[in-house]
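# Close look at the chain arrangement
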Amino acid sequence: MAGLLLALALDGVLADTRPLWDAWLEDAARRARVELLVPKDREAAAGVLDDALGDWRPLLVRFASDRAPLWIRPRADTNAVLRRLAASGARIGVFSDAPRELAEIALAHAGASRQVEVVGTLAEVRAALGEQLAVVRSRQQLAALR
């Protein structure tokens, strides 16, 4: 596995951040007393949130830090594969449309932060690790890497 370059889909492989994101949107709208009509794509949603809430990222971090354990827990089998891959020299990146702050909190709660070298969009992970990386979108695909 030495030299293997991997890009893992955060939500499909390590931690589904969508329920936490949706709960935060509901909470933020209630607290700010505004209707938040944001696109499903979270990269696009960031612009809408900038306009509607201003500096919303610290609010997301506080909410996600407090509530991530309700939705995100480590998976022993997935983490064992990650540790094995990292120990064999694989370079691992994680991509998501979620804000980086949410992605990093999810990785920490999933117990995968130590094995991950870069977090960002798929384009950012490709830029950091190289074009020849394998894109892994499910736990089953990760488990199949032997």
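Residues numbered from 1 in each chain as written. Predicted model: local features only at pLDDT ≥ 70, side-chain atom pairs only at ≥ 80, totals over all residues. Heavy atoms only, no water.

### Notes on the side chain of Arg42
To keep it simple, the criterion reads: Here a helix means four or more residues in a row that DSSP labels H or I, a strand means two or more in a row labelled E, and each is numbered from the N terminus. Under this definition, polar contacts are N or O atom pairs within 3.5 Å; protein pairs additionally need one hydrogen-donor-capable and one acceptor-capable atom, and for neighbouring residues in sequence, both atoms have to be side-chain atoms. In what follows, a contact means two residues having at least one pair of non-hydrogen atoms within 4.5 Å.
The topology assignment puts Arg42 in helix α3 (residues 42–53). A polar atom in the side chain of Arg42 sits 2.7 Å from the side chain of Asp11. At 2.9 Å, the side chain of Arg42 forms a polar contact with the side chain of Thr17. Once residues lying within four places of it in the same chain are set aside, the contact partners of Arg42 are Asp11, Thr17, Arg18, Trp21, Ser96, Asp97, Ala98, Pro99 and Leu102.

### Focus on the sheet that holds strand β1 (residues 5–9)
How we decide: In this description, strands pair whenever DSSP reports at least two bridges between them. Lines fitted to C-alpha atoms define the axes, with helix axes restricted to the stretch in contact, and inter-axis angles between N-to-C directions lie between 0 and 180 degrees.
Here four strands make up an open sheet; going across it, the order is β3-β2-β1-β4 and the pairing parallel. With one partner strand each, in any of the chains shown, β3 (118–120) and β4 (134–136) form the two edges of the open sheet. This sheet shows a mean twist of 25° between the axes of neighbouring strands, independent of strand direction. Sitting on the sheet, helix α7 (residues 122–129) touches β1, β2 (91–95), β3 and β4, and the angle it makes with β2 is about 160°.

### Some words on the packing of aromatic side chains
How we decide: Any two of the Phe, Tyr and Trp rings considered here, Trp counted by its six-membered ring, make a pair once their centres fall within 6.5 Å; the pair's planes then place it as stacked at under 30 degrees, edge-to-face at over 60, or tilted in between. The buried label applies to any residue whose accessible area, calculated with a 1.4 Å probe on protein chains only, is under 20% of its type's maximum; exposed applies above 50%, and partly exposed to all values in between.
This structure, assessed with the given rule, holds three aromatic pairs. Ring geometry for Trp21 versus Trp56: centroids 6.4 Å apart, planes at 75°, classification edge-to-face. Taken as a pair, Trp21 in helix α2 (residues 18–32) and Trp56 in the loop between α3 and α4 (57–71) lie far apart in primary sequence, 35 residues in all. The same class applies to Trp21 and to Trp56, which are both buried. Between Trp24 and Trp56, the ring centres sit 5.7 Å apart and the planes meet at 40°, which makes this aromatic pair tilted. On the criterion of sequence distance, the pair formed by Trp24 in helix α2 and Trp56 in the loop between α3 and α4 is long-range, its members being 32 residues apart. Trp56 carries the same exposure label as Trp24, and that label is buried. Among the aromatic residues, those joined into a cluster by ring pairs are Trp21, Trp24 and Trp56.

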